[in-house]
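Spelled out from the first residue to the last, the chains are:
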Amino acid sequence: MFDKECTLAGEFKMSGVGLHSGVEVNVRVLPAIANSGRYFVRIDLPNTPIIPARVESVSQTTLSTELTSSGAAIRTVEHLLAALTGMGVNNARIEIDGPEVPLLDGSAQNWVEAIASVGLISIDTEETNKLPAPLLKSPISIHQGDTFVTAIPAPETRFSYGIDFNTPAIGNQWYSWSPEVENFKDAIAPARTFALAHQIDQLRQAGLIKGGSLDNALVCDRSGWINPPLRFANEPVRHKILDLVGDLSLLGILPQAHYLAYKASHNLHVQLAKAISSHLLAQSEQV
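If you're wondering where the values come from, they're calculated on a predicted model, not measured in any experiment. (Residues numbered from 1 in each chain as written. Predicted model: local features only at pLDDT ≥ 70, side-chain atom pairs only at ≥ 80, totals over all residues. Heavy atoms only, no water.)

Focus on the sheet that holds strand β16 (residues 218–221)
Next up, step 1: Strand order across the open sheet formed by three strands is β15-β16-β17, with mixed pairing between neighbours. At either margin of the open sheet sits one strand with a lone partner, and together these are β15 (194–196) and β17 (224–225).
Next up, step 2: Bridge count for β15 against β16 is three bridges, and the pairing is parallel. Bridging across to β16, Phe-194 finds its partner in Leu-218. (Pairing = 2+ DSSP bridges. Helix = DSSP H or I, 4+ residues; strand = E, 2+ residues; numbered from the N terminus.)

Here you go:
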């Protein structure tokens, strides 16, 4: 999804409530130099610790992806990282004054619009300008019961996802997205996170989704969606692709592959990213 080193042409700010913490946080996203990658800076903590948005930093994946480094953590990073990745920003400094990235409207749309408003610039250095996507030499799969996520060598990058819920409003949905055919901004970014009404009390008792509301998540029960309308007829499965892109962005540069998932989770997404990282390392050592 990248063919050159890019960063933001300017900075932007965003504020909102964290999904799980319920804490109001402020975010400032700034340009970064070539090869620095995407990284978070906890400006509210002593010594402003840096947390690289890399798969090695993942500390937990319970209903979101959390990164930890230098004794500092940042949670629910996937939507912002998906937006940066989908828009072609591979170097960015993300300053934040709290423990969790704000959920905003539950999608990546606000992030994408902010990125588009400041624009991108290519970092033209002879050594770093071209970024050919690494190629997989063989399929890589992670599965748990009937759920799985796979990366398959392919002539172009594609993301295909399937979900299956015993709730008529969602049911069985499949969607396949190619960045070559549809842009991330229109096809994936607007898709919001979703929840089942009967699980909400249990999750809150477990200390989760303290900041969740009908303004930042789609909620359904057996009778249908509680807060329609949907932005897409298959908005839930499109959101799962958004999550997958965000989690796989922790690889830095996504290898050219067909990514296929079924009933997967942040945990399986990250397991795949780790397996791909090990696979690419082994390939490089053989050269």
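Don't stop here, the text continues.
Some points on the pattern of salt bridges
Next up, step 1: Here the structure, examined in full by the defined rule, presents nine salt bridges.
Next up, step 2: Where Glu-56 meets Arg-54, a salt bridge forms, and the shortest distance between an N and an O atom there is 3.8 Å.
Next up, step 3: Residue Glu-56 is classed as exposed on the basis of its relative accessible area of 56%.
Next up, step 4: One salt bridge connects Arg-93 with Glu-95, and the closest N-O pair in it is separated by 2.8 Å.
Next up, step 5: Taking the relative accessible area as the measure of exposure, Arg-93 reaches 24% and is therefore partly exposed.
Next up, step 6: Three or more residues joined by partner-sharing salt bridges are found here, namely Glu-11, Arg-28, Arg-93 and Glu-95. (Salt bridge = Lys/Arg side-chain N within 4 Å of Asp/Glu carboxyl O. Buried < 20%, exposed > 50% of the residue type's maximum accessible area, 1.4 Å probe, protein only.)

Structural notes on the packing of aromatic side chains
Next up, step 1: Inspection of every chain in the model, using the stated rule, returns seven aromatic pairs.
Next up, step 2: Ring plane angle 20° and centroid distance 5.1 Å describe the contact between Phe-159 and Tyr-259, whose orientation is recorded as stacked. One end of the pair, Phe-159, is in strand β13 (residues 158–164); the other, Tyr-259, is in strand β18 (residues 258–262), with 100 residues separating them in the sequence. Across the pair, exposure class does not vary: Phe-159 and Tyr-259 are buried alike.
Next up, step 3: In this structure an aromatic cluster arises from ring pairing among Phe-159, Trp-177, Phe-184 and Tyr-259.
Next up, step 4: Here the basic side chain of Arg-238 rests over the ring of Tyr-175, its NZ or CZ set 4.1 Å away from the ring centre.
Next up, step 5: Its guanidinium or amino end placed over the ring of Phe-232, Arg-238 lies 4.1 Å from that ring's centre, counting from NZ or CZ. (Phe/Tyr/Trp six-rings, centres within 6.5 Å; stacked < 30°, edge-to-face > 60°. Lys NZ or Arg CZ within 6 Å of the ring centre and 35° of its normal.)

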